[in-house]
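Results of the structural survey
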Amino acid sequence: MFCSTKPDAPTVTDSFVGTTNSVTINFMEGALNSAELLAFKVYMNDGLGGALSYRGKVTDTSYRYYTATGLVTDRTYLVQVTVVTSAAESDRSTVMSVRACGAPSTPAAPARKSSTSSTITVQWAA
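Residues numbered from 1 in each chain as written. Predicted model: local features only at pLDDT ≥ 70, side-chain atom pairs only at ≥ 80, totals over all residues. Heavy atoms only, no water.

Okay, the sheet that holds strand β2 (residues 22–28) next. Pairing within the open sheet is antiparallel, and its 3 strands lie in the order β1-β2-β5. At either end of the open sheet lies a strand with only one pairing partner, and these are β1 (11–18) and β5 (65–69). Across the sheet, the mean angle separating the axes of adjacent strands is 25° when strand polarity is ignored. (Pairing = 2+ DSSP bridges. Helix = DSSP H or I, 4+ residues; strand = E, 2+ residues; numbered from the N terminus. Axes fitted to C-alpha atoms, helices over the stretch in contact; angles between N-to-C directions.)

With respect to the secondary-structure elements, N45 resides in the loop between β3 (37–44) and β4 (53–58). One polar contact links the side chain of N45 to the main-chain amide nitrogen of G47, over a distance of 3.1 Å. Beyond its immediate chain neighbours, meaning those up to four positions away, N45 contacts G50, A51, L52, T76, Y77 and L78. (Polar contact = N/O pair within 3.5 Å; in protein donor to acceptor, adjacent residues only side chain to side chain. Contact = heavy atoms within 4.5 Å.)

On to the pairing of strand β6 (residues 76–85), then. Extensive coverage of β6 is indicated by the burial of 8 of its 10 residues. Inspection of the sheet shows β3 paired to β6 by 7 bridges, in the antiparallel sense. Considered in β6, the bridge of M44 is made with V79. With 4 bridges joining them, β6 and strand β7 (residues 96–99) adopt antiparallel strand pairing. When the bridges of β7 are listed, T76 appears paired with R99. (Buried < 20%, exposed > 50% of the residue type's maximum accessible area, 1.4 Å probe, protein only.)

As a further point, take the nonpolar core. Among the nonpolar cores identified, the biggest contains 19 residues, and I25, F27, M44 and V81 are the most heavily contacted of them. Breaking this core down by element, the ones donating at least two residues are β2, β3, β5, β6 and β7. In this structure M44 touches V23, A51, L52, S53, R55, A68, L71, Y77, L78 and V79, once residues within four positions along its chain are discounted. (Core = buried A, V, L, I, M, F, W, Y, C linked by side-chain atoms within 4.5 Å.)

Here's what the structure looks like:
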């Protein structure tokens, strides 16, 4: 018979990548307390201040990230992660705020606005 206590809550790092409709969060498991790591569960809210609910599972335990898709641009989402082991599911991580927003558009190519014998002034549309 195998006995173990539930795992420690994971840590969600503050390094995440956001696009206009997705965010990728990174996390690291806490102590597994001699149990086998089976998965990570991700909980998110709706970006409007609602309660966090189950969003998805990472079953490939070599991955320490999750990409949430189908998000709305310029909304701030709250995220928590749990660790699932052969013994139990951990408590949730602390809450992390992430934002779905893409990089700004590439500006148009610069053009010469004016010049003198020692300066050139350029302009471009953002």
